[in-house]
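The residues making up each chain are set out below.
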Amino acid sequence: MAEFGFTPGAVLPNGLGRTGVIHTPHGDIQTPAFIAVGTKATVKAVLPESVAGVGAQAVLANAYHLYLQPGSDLVDEAGGLGAFMNWPGPTFTDSGGFQVMSLGVGFKKVLAMDTAGLANDDVIAPGKNRLAHVDDEGVTFTSHLNGDQHRFTPEVSMRIQHQLGADIMFAFDECTTLMNTRGYQESSLERTQAWAVRCLAAHAELTAERADKPYQALFGVVQGAQYEDLRRKAARDLAELDVDGQRFDGFGIGGALEKENLGTIVSWVAEELPFDKPRHLLGISEPDDFFAAIAAGADTFDCVMPSRVARNAAIYTADGRYNVNTAKHRRSFLPLEEGCDCYTCTHYTRAYLHHLFKAKEMLAATLATIHNERFTVRLVDNIRDSIIEGRFEEFRDAYLGRFYSGRR
Ligand SMILES: [Zn+2]
């Protein structure tokens, strides 16, 4: 049981933001850290050696996708997620709840649209059908692959995640959107709390049943949307939860977050959570979001965005983002980002990447992904150094000033 733990390190003057080390059976994670996303047990377009090469310390896969294909029992038989995908380091799985509950609804976790005046518990995006139905026991949903009906409950999610064998798992929770009414958010939180109790009980049973396997840590997920009282209560309730001696090893901060309120919401939650347990924020990747979330006390992050936009030729640099497939880069023999230490920038030019994207060559996605993942991992690593060296605010102001003024 002592195979998982968190050691806090340097702390910001606000008492919330910090560095630390998460200890797992597959190695340590120096935090704050950006966790590479490997939804289907692969970081799209790159070898695990490249994932390690960009400095990523851990990979996060998705329980929903791996349950449907190839099946969590098969991953278990292969020796677990890390062995199956040839990633020797720490791994995370998310519970599948977000994917299941947003199926077909057509909304992203952070809503881009104006939500004013649209509070409605049944709202779905135009042209979409709701494919998931939530009740107090669990969620019934339709597979996006073949239309088959499936049912996830807290117990099912825990069994799937134990079979996947990641070092860090997340409790099965109900995901709401900013569109849901206050009343719905309240009853949803009660349901998520009841599911958290069931997740801890199932986790304890599975841990005993699979005592020959390395310990898997379980994080509770704090919901509560944009409401301060709900977020604080959810964090306190999860932090205090004890089911026959089984407690959460860490916490995820989930649900709908508007960009403007991100730091505020994370700080409400961090103030209520125990200081000696790690906190994961699901789904952020923009530089200003990292600074805000880290200052407010988040330790780890995951996001598909750096690799997703890379496959569409969007390149992150310290001077902002640009598209390498535009005409101005056709004869540019500079690296994607001057001074970048990644494999792509030390071996290839913009002109070559431009050519690969225009010719629709697969290597385009590989090389662009390596750069964007390195950019993101390095940024979070540099933020960690700035906390240790007591110059977080200066670093943030200089970095964001340059990133958001640069236009290429
Ligand atoms: Zn690079």
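Residues numbered from 1 in each chain as written. Predicted model: local features only at pLDDT ≥ 70, side-chain atom pairs only at ≥ 80, totals over all residues.

Concerning the domain arrangement of the protein chain
No. 1: Each domain of the protein chain was delimited in the assignment, giving domain 1 (5–303) and domain 2 (318–405).
No. 2: One C-alpha centre belongs to domain 1, the other to domain 2, and the line joining them spans 28 Å.
No. 3: Contact with domain 1, which involves 23 residues of that partner, is made by 23 residues of domain 2.
No. 4: If you tally residues by element for the side of domain 1 that touches domain 2, the top one is helix α10 (residues 287–295), at 5 residues.
No. 5: Residue classes in the side of domain 1 that touches domain 2 are distributed as 14 nonpolar, 7 polar and 2 charged. (Domains from an automatic or database assignment. Contact = placed C-beta atoms within 7 Å. Helix = DSSP H or I, 4+ residues; strand = E, 2+ residues; numbered from the N terminus. Nonpolar A, V, L, I, M, F, W, Y, C, P; charged D, E, K, R; others polar.)

Regarding the sheet that holds strand β12 (residues 250–253)
No. 1: Ordered in space as β4-β5-β6-β10-β11-β12-β13-β14, the 8 strands form a closed barrel in which the pairing is parallel. With direction set aside, neighbouring strand axes in the sheet form an average angle of 30 degrees.
No. 2: Of the pairings in the sheet, the one linking strand β10 (residues 168–170) to strand β11 (residues 217–222) comprises 3 bridges and is parallel in character. Along β11, the bridge assignment pairs Met169 with Leu218. (Pairing = 2+ DSSP bridges. Axes fitted to C-alpha atoms, helices over the stretch in contact; angles between N-to-C directions.)

Regarding the sheet that holds strand β7 (residues 132–134)
No. 1: Across the sheet, 3 strands lie side by side as β7-β8-β9; this open sheet has antiparallel pairing. The open sheet has two edge strands, β7 and β9 (149–152), and neither has a second partner. Each strand axis lies, on average, 15 degrees off the axis of its neighbour in the sheet, ignoring direction.

Brief notes about the environment of His280
No. 1: Take His280: it is sitting in strand β13 (residues 279–282).
No. 2: Remark: the alpha-carbon pair of His280 and Val309, spanning 29 residues in sequence, is separated by 23 Å.
No. 3: Leave out the neighbours within four places in its chain, and His280 touches Phe219, Gly250, Gly252, Asp299 and Thr300.

Quick look at the pairing of β9
No. 1: When strand β8 (residues 139–142) meets β9, the two strands line up antiparallel, connected through 4 bridges. The residue of β9 that forms the bridge with Val139 is Phe152.
No. 2: Two successive antiparallel strands, β8 and β9, enclose a turn made up of 6 residues, where Gly147 displays a positive phi of approximately 80 degrees.

Some remarks on α10
No. 1: Burial analysis of α10 places 8 of its 9 residues in the buried class, which makes it a mostly covered element.
No. 2: Within α10, burial applies to Pro287, Asp289, Phe290, Phe291, Ala292, Ala293, Ile294 and Ala295.
No. 3: Where α10 is buried, its residues contact α9 (262–272), β13, β14 (300–302), α14 (362–388) and α15 (392–405).
No. 4: Positive backbone phi, at 110 degrees, marks Gly297, one or two positions downstream of α10. (Buried ≥ 20, exposed ≤ 12 C-beta atoms within 10 Å, placed from the backbone.)

Overview of unusual backbone geometry
No. 1: The step from Thr31 to Pro32 runs through a cis peptide bond, and the omega angle for that step is 0 degrees.
No. 2: Along the chain, the position of Pro32 falls in the loop between β3 (27–31) and β4 (33–37).
No. 3: Residue Gln69 is joined to Pro70 through a cis peptide bond whose omega torsion reads 10 degrees.
No. 4: Within the secondary structure layout, Pro70 lies in the loop between α2 (63–68) and α3 (72–77).
No. 5: Even without being a glycine, Ala45 presents a positive backbone phi close to 80 degrees.
No. 6: Secondary-structure assignment places Ala45 in the loop between β4 and α1 (48–53).
No. 7: One non-glycine residue with positive phi stands out, namely Ala225, at about 50 degrees.
No. 8: Within the secondary structure, Ala225 is located in the loop between β11 and α8 (228–240).
No. 9: The class for Ala225 is buried, based on 23 C-beta atoms found within 10 Å.

Topic: α9
No. 1: Counting buried positions over the 11 residues of α9 gives 8, a clear majority of the element.
No. 2: Those residues of α9 that are buried are in contact with β11, α8, β12, β13 and α10.

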